[in-house]
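So you can see what is in the structure, the chains are spelled out below.
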Amino acid sequence: MSIHIGAAKNQVSDKILLPGDPLRAKYIAENFLEDAVLYNEVRGMYGYTGTYKGQKVSVQGTGMGMPSAAIYVTELVKEYDVKKMIRVGTCGSIQKDVHVRDIVLAQAAATTSAIIRNDFPKHDFPQIADFDLLLKSYTAAKENGFNVHVGNVLSDDVFYKDSLEDTFKLGEHGVLAVEMEAAVIYYVAAKYGVDALCMMTVSDHMLTGEETSSEERQTTFDDMMIVALDTLIS
Ligand SMILES: O=P(O)(O)O[C@H]1O[C@H](CO)[C@@H](O)[C@H]1O
Ligand SMILES: O=c1cc[nH]c(=O)[nH]1
């Protein structure tokens, strides 16, 4: 049991999916895992363990934003010996050719957060995906015929910004999309020597205004779940 996760050590798999939304964790457990058991409901941040294609897999909500994600990911790695983690999130596109419902694989993550700078005030520590997970997930997405993009994302501390000028400027420098957790998940993975990948389905388009429903964000996005689960167990 850790401070924020009410599970015994052996209740959590060393392979885990990380949705921001705890109700997405419930959806994944109910629709993709066999014999799923709820191991955590502390703060309503659901965590489940079940099997996928015969292998033990867990799914844990991380909440919104880097401070919350850092707490869950750190406890999962330090207290539960998690070795492979894949974020299954949502993001806002800032590229014309990255469409709503497409999958974005975060090869790297820029951030506005000070959470990494606090540890490395004199360095721009790069936040990068595990190459093996990235390659496997890209291959799985392509084999399934899903629309997938690989590149840099922005992990922003702020959802409601007064100005999107800097965000769109990052888009002009090739950043694909905006979300709020990838950078710190990559940072914690680097710190403790475990493997992490962040993949997101595009839930809204920040240039065109196209969006998905809040219900769809909580659930569905099944293409991404298949890619993430197949990658996790491969
Ligand atoms: O859908 P999730 O995984 O929560 O991800 C995105 O959605 C939230 C904002 O609505 C942030 O957590 C952002 O990263
Ligand atoms: O952080 C996020 C997530 C989805 N859509 C956005 O615009 N921002």
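The structure displayed is predicted, hence computed values, not measured ones.

The environment of ligand 2 is made up of Thr90, Cys91, Gly92, Phe159, Val178, Glu179, Met180, Ser203, Asp204 and Met206. For ligand 2, a nitrogen atom lies 3.3 Å from a polar atom in the backbone of Gly92. Within the complex, the protein chains bury 90% of what would otherwise be the 240 Å² of accessible surface of ligand 2. At the level of secondary structure, the elements contributing two or more residues to the shell around ligand 2 comprise β5 (84-93), β8 (177-179) and β9 (195-205). With 3 residues, the top contributor of residues to the shell around ligand 2 is β5. For the shell around ligand 2, a count of residues per class yields 5 nonpolar, 3 polar and 2 charged.

Moving on, we get to the site of ligand 1. With respect to spatial proximity, the complete set of residues near ligand 1 consists of Gly20, Asp21, Arg24, Met64, Arg87, Gly89, Thr90, Phe159, Glu179, Met180 and Glu181. Arg24 is positioned with one of its side-chain polar atoms (N or O) 2.6 Å from an oxygen atom of ligand 1. Met180 places a polar main-chain atom, nitrogen or oxygen, 2.8 Å from an oxygen atom of ligand 1. Its free accessible area being 340 Å², ligand 1 has 89% of it covered by the protein chains. In terms of residues, the shell around ligand 1 owes the most to one element, β5, which gives 3 residues. Its residues assigned to classes, the shell around ligand 1 comprises 3 nonpolar, 3 polar and 5 charged.

The rules behind these values
- Residues numbered from 1 in each chain as written.
- Chains lettered and ligands numbered in written order.
- Predicted model: local features only at pLDDT ≥ 70, side-chain atom pairs only at ≥ 80, totals over all residues.
- Heavy atoms only, no water.
- Near = heavy atom within 4 Å.
- Polar contact = N/O pair within 3.5 Å; in protein donor to acceptor, adjacent residues only side chain to side chain.
- Areas by Shrake-Rupley, 256 points an atom, 1.4 Å probe, with all protein chains shown as cover.
- Helix = DSSP H or I, 4+ residues; strand = E, 2+ residues; numbered from the N terminus.
- Nonpolar A, V, L, I, M, F, W, Y, C, P; charged D, E, K, R; others polar.

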